[in-house]
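# Structural characterization, general
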Amino acid sequence: MRVIFSEDHKLRNARSELFGGELVPPFEAPFRAEWILAAVREAGFTDVSAPERHGLETALKVHDAGYLSFLEKAWGLWEAAGYRGEAIATSFPVRRTSPRIPTQIDGLLGYYCNASETAISPGTWEAAVSSMQVALTAADIVADGAKAAFALCRPPGHHAGIDSFGGYCFINNAAVAAQRFLDRGARKVAVLDVDFHHGNGTQDIFYERGDVYFASLHGDPAEAFPHFLGYAEETGKGAGEGTTRNYPMPPGTPYSVWEAALVDALRRIAAFGAEAIVLSLGVDTFEKDPISFFKLTSPDYVTMGKAVAASGVPVLTVMEGGYGVEEIGLNVANTLKGIAG
């Protein structure tokens, strides 16, 4: 299995995250990618290469053009305003407010932000584009006939919506990859999100589309970030009615319960007729993860990978979350082992 990875992920190295009322070092930091890369190489996945250069053509099919333009310019606008810290949103267009888009950077940040823990820092845009290129390159490998590939994306992407960033995410790598499969001739694609946190951005992008099935296994949003999407009654709208399936689960969920949801999701994906699966892989479902509450163990990721591979369709694994413990590398490697057989 080929692994695509970019050293440009290091350009995203924010100093601060708003957590528990304090500015703390971010949970999403460069060491994550380094731990994962070392572990997958040790597990035998040594065919590692840099991404091809891609423009924004595919991203513009899943994201608003004004939003991407904002991301590209945000740090420059922040610096020009004379601010000394990192760019953190402080004002938001909540219920019963004007739909107009502000022009000043503080207003723009709030307009395009869905979670203020995520600061924009120098290099954020460049790292996000590189992460997108990782996903696109890996998608092309699978579209060209490989049964599987791994896009070691950083920063992650599944919380980035049509026109919003947050949850450490800026460009939705999984959504861009799914779109790439469609552009390469697939008629139907599935995004299977196994990150602990609901893929609210991916749901937002595909909620009214009938060509992408989105299934997400995650912590109940009544008790877990991102809180405002991911409930079981959300099933799609318009052309997308019936192509979204959410599996919210409570604190303490063990693999036996989680696996039942996975089996059902894979059954529905098969019935949908997906020609490829984009696996949004978050290993923050691990029992020791500092910002989640599921109880999966390291061997469970091998079992999960085998179940996904048993679908019989090509699988592109796109890296999402997993924080703070070195086992994130082992758990990613175990997933790839399961997929590779």
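What counts and what doesn't
Within any chain, residue numbers begin from 1 and follow the written order of that chain's sequence. Local features are withheld for residues below a pLDDT of 70 in this predicted model, meaning they are given only at 70 or higher, and side-chain atom pairs are given and counted only at 80 or more; totals for whole chains, interfaces and linings count all residues. Side-chain numbers come from the whole structure's heavy atoms, not from hydrogens or water. Only runs of H or I of at least four residues qualify as helices and only runs of E of at least two qualify as strands under DSSP, and these elements are numbered from the N terminus. Each radius of gyration is computed over the set of C-alpha atoms, and the globule rule expresses the reference value as 2.2 Å times the number of residues to the power 0.38. Between buried and exposed lies partly exposed: a residue is buried under 20% and exposed over 50% of the maximum accessible area for its type, with that area taken using a 1.4 Å probe on protein chains only. In these tables, accessible area is a Shrake-Rupley quantity obtained with a 1.4 Å probe, and a residue counts as shielded only by the protein chains included in the view. Here a helix's expected span is defined as the number of its residues, less one, multiplied by 1.5 Å. Bend is computed residue by residue as the angle between axes fitted to the seven residues ending at the residue and the seven residues starting at it. Throughout, a contact is declared for two residues whenever any of their heavy atoms are within 4.5 Å. Any N or O atom pair separated by 3.5 Å or less is treated as a polar contact, with the protein-specific requirement of one donor-capable and one acceptor-capable atom, and with residues adjacent in sequence counted only for side-chain atom pairs. UniProt positions are given in the numbering used here, feature names are shortened, and annotations may be inferred rather than shown by experiment. Only strands that DSSP links by at least two bridges are regarded as paired with each other. Lines fitted to the C-alpha atoms define the axes, with helices restricted to the stretch that makes contact. Angles between their N-to-C directions range from 0 to 180 degrees.

### A short note on the overall build of the protein chain
On a plain count of helices and strands, the protein chain comes out with nine helices and ten strands. Against the 2.2 N^0.38 benchmark of 20 Å for 341 residues, the protein chain shows a C-alpha radius of gyration of 18 Å, consistent with a compact globule. Counting only residues that meet the buried cut, the protein chain has 58% of its 341 residues in that class. Total accessible area computed for the protein chain in this model is approximately 13,300 Å², and 53% of it derives from carbon and sulfur atoms.

### Some words on helix α2 (residues 65–80)
Three or four residues apart is the spacing at which side chains of an α-helix point the same way, because the helix has 3.6 residues per turn. In this model α2 runs 22 Å from its N-terminal to its C-terminal C-alpha over 16 residues, within 8% of the 22 Å that 1.5 Å per residue would give. Remark: the principal bend of α2, roughly 50°, maps to Lys-73. Listing the buried residues of α2 in full gives Tyr-67, Leu-68, Phe-70, Leu-71, Ala-74, Trp-75 and Trp-78. On its buried face, α2 sits against α3 (105–112) and α4 (124–143). Between a side-chain oxygen at the N-terminus of α2 and the backbone nitrogen of Gly-66 the separation is 3.0 Å; the capping residue is Asp-64. Positive phi shows up at Gly-82, right after α2, with a value of about 90°.

### Some words on the UniProt feature "domain: Histone deacetylase" (unreviewed entry) in the protein chain
On the UniProt side, "domain: Histone deacetylase" (unreviewed entry) is annotated at positions that read residues 28–337 here. Secondary structure over residues 28–337 splits into 37% helix and 11% strand, and the C-alpha atoms at its two ends are 24 Å apart.

### Regarding unusual backbone geometry
Looking along the chain, the bond that leaves Arg-154 and enters Pro-155 is cis, with omega of 0°. Following the sequence through the fold, Pro-155 ends up in the loop between β5 (148–151) and α5 (173–183). That bond from Phe-225 to Pro-226 is cis: its omega, 10°, falls within 30 degrees of zero. Secondary-structure assignment places Pro-226 in the loop between β7 (212–219) and β8 (244–249). Positive phi is not limited to glycine here, since Arg-96 has a value of about 60°. Topologically, Arg-96 is positioned in the loop between α2 and α3. Backbone geometry at His-227 places phi at a positive 75°, although glycine is not the residue there. You can see His-227 is positioned in the loop between β7 and β8.

### Details of the sheet that holds strand β1 (residues 2–4)
Strand-to-strand pairing in sheets goes through backbone hydrogen bonds, with the strands running parallel or antiparallel. Taken together, the eight strands give an open sheet; going across it, the order is β4-β1-β5-β10-β9-β6-β7-β8, and neighbouring strands pair in parallel fashion. The open sheet has two edge strands with one neighbour each: β4 (48–49) and β8. Two elements, β1 and β5, share three bridges in a ladder whose sense is parallel. Counted as the bridge partner of Ile-4 is Ala-151 from β5. Here α4 sits on the sheet and contacts β1, β5 and β10 (315–319); the angle it forms with β5, its principal contact strand, is near 175°.

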